[in-house]
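Take a look at the letters that make up each chain.
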Amino acid sequence: MTPNEDKSNRYPAVEETEAARVGPSPNSIITPVRSRRSTLDSQCGLRSILLQVRNLGLGYDSDETVLFKYCSGMCPHVRSNHDLTLTNLLVSGLLPQPEPGEQWHNTPCCRPTHHEDIAFLDNTHRWHKVEKLSAAGCSCVG
């Protein structure tokens with residue numbers, strides 16, 4: 001670049017960025033942005049709910065209340081080479097389609113990584129221990 005050349009076209013991206021700081025034009029589409037709090041609330045993590053043992057659906061007759069922990073939330077979808085290849089094989093017809101009722105998941109799921117036992121007293125005053133009933137940790141799997 002010579003000293004006499006116009007430098008205004010040298011960094012067009014900088015000019016666009018500075019123009020964008022002024023604000024959107026009236027005709028532009030505004031995309032809603034999630035707040036940090038809503039993002040954290042929707043991430044994969046451990047949740048809990050107080051339930052009566054009889055509502056767990058395991059056949060126990062008990063009025064006791066237990067803290068049931070479970071995993072819930074969104075997992076980031078990062079496409080791996082396996083995901084890209086699987087999608088390509090399905091689209092091209094080289095891989096058979098799944099049978100009815102069978103599904104292939106290509107997104108990670110929020111699942112328990114380990115569990116806790118829960119003990120409670122039933123209505124006949126007997127103690128019960130249900131192994132691995134409640135989630136103790138969560139992670140995105142898949």
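Please refer to the structure higher up on the page.
Worth saying up front: this structure is predicted, and the values here are computed from it rather than measured. (Residues numbered from 1 in each chain as written. Predicted model: local features only at pLDDT ≥ 70, side-chain atom pairs only at ≥ 80, totals over all residues. Heavy atoms only, no water.)

### Some remarks on the packing of aromatic side chains
Step number 1: Summed over all chains, the structure comprises two aromatic pairs.
Step number 2: Taking 5.0 Å as the distance between ring centres and 80° as the angle between the ring planes, the aromatic pair formed by Tyr60 and Phe120 counts as edge-to-face. Taken together, the positions of Tyr60 in the loop between strand E1 (45–52) and strand E2 (65–72) and Phe120 in strand E3 (residues 109–121) put the pair 60 residues apart, joining distant regions of the chain.
Step number 3: Both rings, one in Phe68 and one in Tyr70, keep their centres 6.3 Å apart while their planes meet at 15°; by these two values the pair is stacked.
Step number 4: On the basis of relative accessible area, Tyr70 is assigned to the partly exposed category, the value being 32%. (Phe/Tyr/Trp six-rings, centres within 6.5 Å; stacked < 30°, edge-to-face > 60°. Helix = DSSP H or I, 4+ residues; strand = E, 2+ residues; numbered from the N terminus. Buried < 20%, exposed > 50% of the residue type's maximum accessible area, 1.4 Å probe, protein only.)

### Focus: the state of the cysteines
Two cysteines form a disulfide when their sulfur atoms are joined by a covalent bond.
Step number 1: The final tally for this structure, using the stated rule, is three disulfides.
Step number 2: Disulfide partner of Cys44: Cys110, at an S-S distance of 2.1 Å. On the S-S bond that ties Cys44 to Cys110, the torsion sits near 80°, and the link is right-handed. On the criterion of sequence distance, the pair formed by Cys44 in the loop between helix H2 (36–42) and E1 and Cys110 in strand E3 is long-range, its members being 66 residues apart.
Step number 3: Note that Cys75 is cross-linked by a disulfide to Cys140, the S-S spacing being 2.2 Å. The sign of the -95° torsion about the S-S bond sets the Cys75-Cys140 disulfide as left-handed. Separated by 65 residues along the polypeptide, Cys75 in the loop between E2 and helix H3 (81–92) and Cys140 in strand E4 (residues 127–141) bring together distant segments of the chain.
Step number 4: By relative accessible area, which is 14% here, Cys75 ends up buried. (Disulfide = S-S within 2.5 Å.)

### Examining H3
Step number 1: Counted at 1.5 Å a residue, the expected span for H3 with its twelve residues is 16 Å, and the 16 Å between its end C-alpha atoms agrees.
Step number 2: Gly93 sits one or two residues past H3 and shows a positive phi near 85°. (Expected span 1.5 Å × (residues − 1).)

### Quick word on the pattern of salt bridges
Step number 1: Taken as a whole and assessed by the stated rule, the structure comprises five salt bridges.
Step number 2: A salt bridge links Arg54 to Asp61; the shortest N-O distance between them is 2.8 Å.
Step number 3: A salt bridge links Asp117 to Lys129, with the shortest nitrogen-to-oxygen separation between them at 3.5 Å. Here Asp117, found in strand E3, pairs with Lys129, found in strand E4; they are twelve residues apart in sequence, far enough to count as distant. (Salt bridge = Lys/Arg side-chain N within 4 Å of Asp/Glu carboxyl O.)

### Examining the environment of Thr113
Step number 1: Turning to its location among the elements, Thr113 is positioned in strand E3.
Step number 2: Sequence spacing of Thr113 and Ala135 is 22 residues, and the spatial spacing of their C-alpha atoms is 7.6 Å.
Step number 3: Beyond its immediate chain neighbours, meaning those up to four positions away, Thr113 contacts Gly137, Cys138 and Ser139.
Step number 4: Here the side chain of Thr113 touches His114 through a polar contact of 3.1 Å, side chain to side chain. (Contact = heavy atoms within 4.5 Å. Polar contact = N/O pair within 3.5 Å; in protein donor to acceptor, adjacent residues only side chain to side chain.)

### Considering unusual backbone geometry
Step number 1: Here His125, not a glycine, exhibits a phi torsion of approximately 65°, which is positive.
Step number 2: Here His125 falls in the exposed class, since its relative accessible area comes to 65%.
Step number 3: The backbone phi angle of Lys132 is positive, close to 50°, even though this residue is not glycine.

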